[in-house]
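# Working through the structure, step by step
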Amino acid sequence: MIASAVGAVIGLTLAGGGLQHLKPLFGIESDSVRLSEPAVLQGLPRLTDPEVQREAATAKSTYGTDVDSVVAVYGASSEQPELMVHVVAASLKNPEINLDRLLTDTLGTTPRDVSKVDAGPLGGIAQCATAETAQGSTALCSWVADNSFGKIVWVGASLADITREFVHIRGQLES
């Protein structure tokens, strides 16, 4: 059973604080990007705990069956998830404004130390920040590109720990 605090972070990140509220702001679904949900990401296995899978399915279902998305949690155990990802293959209207929404709506807390970062070879705009959660300092990055948008959350990590990982992880999730 997932500890209540960890379950709350997963729920806020994947469902309640997920990206589904942005659906009315979608431009068009993109066929020009392929999403993948690797079994292992940054050396961490994808968690298949039934509660985690329910949260992920709930988050994905809000887009409907016509929009491709990846929602997954990675870590050593369901008790201590370390990495959460949420990616949607669609364009997003008002990229600058919605880039901020991707961060502020994630953990139910206000992110701090928000800074623009390189979005990498897949393009778009990106930013990263930190937030305090029940699990301690949590780092998160979001991006908006012409054909995708999403966020990556590192539970218990600092901003300095993850800025180099962001582009690499995004590249494993979309191509």
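What counts, and where the lines are drawn
For every chain, the first residue of the written sequence is number 1, and numbering continues from 1 along that sequence. The predicted nature of this model means local features are confined to residues of pLDDT at least 70 and side-chain atom pairs, given and counted, to a pLDDT of 80 or more, with totals for whole chains, interfaces and linings taken over all residues. Based on all heavy atoms of the structure, the side-chain values leave hydrogens and waters out of the count. Numbering of helices and strands runs from the N terminus; a helix is a DSSP stretch of H or I covering at least four residues, while a strand is a stretch of E covering at least two. Here the term buried applies to any residue with accessible area under 20% of the maximum for its type, exposed to any over 50%, and partly exposed to those in between, with areas from a 1.4 Å probe on protein chains only. We call two residues in contact whenever any of their non-hydrogen atoms come within 4.5 Å of each other. The accessible surface values rely on the Shrake-Rupley method and a 1.4 Å probe; as for residues, cover is taken only from the protein chains in view. A pair of cysteine sulfur atoms is labelled a disulfide when the two atoms are within 2.5 Å. What the arc measures is the spread of directions leading from the helix axis to the C-beta atoms. Should DSSP find at least two bridges between two strands, the strands are taken to pair. What we call a nonpolar core is a set of buried Ala, Val, Leu, Ile, Met, Phe, Trp, Tyr and Cys residues that are connected through their side-chain atoms within 4.5 Å.

## Some remarks on the overall build of the protein chain
Across its full length, the protein chain carries 5 helices and 10 strands. Counting the 175 residues in the protein chain, one finds 49% classified as buried. Intrachain contacts of the protein chain at a sequence separation of at least 6 include 64% that bridge at least 24 residues. Accessible area for the protein chain stands at about 7600 Å²; split by element, carbon and sulfur atoms hold 53% of it.

## Brief notes about the state of the cysteines
This structure, assessed with the given rule, holds 1 disulfide. Each sulfur in the disulfide pair Cys 128 and Cys 141 lies 1.9 Å from the other. For the disulfide bridge between Cys 128 and Cys 141, the dihedral angle about the S-S bond is near 100°, and by the sign convention the bridge is right-handed. Within this pair, whereas Cys 128 is found in strand 8 (residues 125-133), its partner Cys 141 is found in strand 9 (residues 136-144), the two being separated by 13 residues in sequence. The pair Cys 128 / Cys 141 is uniform in exposure class, with both members buried.

## Looking at helix 5 (residues 165-173)
All buried positions along helix 5 are accounted for by Phe 166, Ile 169, Arg 170 and Leu 173. An end-on view of helix 5 places all buried positions within 100° of arc, on one side of the element.

## Quick look at the pairing of strand 9
The buried fraction of strand 9 is high, at 7 of 9 residues. One ladder, built from 9 bridges, connects strand 8 with strand 9; its direction is antiparallel. From the neighbouring strand, Ala 129 faces strand 9, where its bridge partner is Leu 140. Counting the residues that bridge the hairpin from strand 8 to strand 9 gives 2 residues. In this sheet, strand 10 (residues 149-154) lies alongside strand 9 in antiparallel orientation, the contact comprising 6 bridges. What sits directly across from Ala 139, in strand 10, is Trp 154. Remark: 4 residues form the turn of the hairpin made by strand 9 and strand 10, two consecutive strands paired antiparallel.

## So, helix 3 (residues 95-104)
Helical geometry: 3.6 residues make up each α-helical turn, so side chains three or four residues apart lie on a common side. Here helix 3 has its buried residues at Asn 98, Leu 99, Leu 102 and Leu 103. All buried residues of helix 3 project into a common sector of 150° when viewed along the axis, lining one side. Where helix 3 is buried, its residues touch strand 6 (90-92), strand 7 (112-117), strand 8, strand 9 and strand 10.

## Some thoughts on the nonpolar core
The nonpolar side chains of soluble globular proteins are, as a tendency, buried together. Leu 83, Val 85, Ile 152, Trp 154 and Ile 162 are the most contacted members of the largest nonpolar core, which totals 26 residues. Every element with two or more residues in this core is listed here: strand 4 (69-75), strand 5 (81-88), strand 8, strand 9, strand 10, helix 4 (159-162) and helix 5. Ranked by size, the runner-up nonpolar core spans 10 residues in total, among them Leu 47, Met 84, Leu 140 and Val 153.

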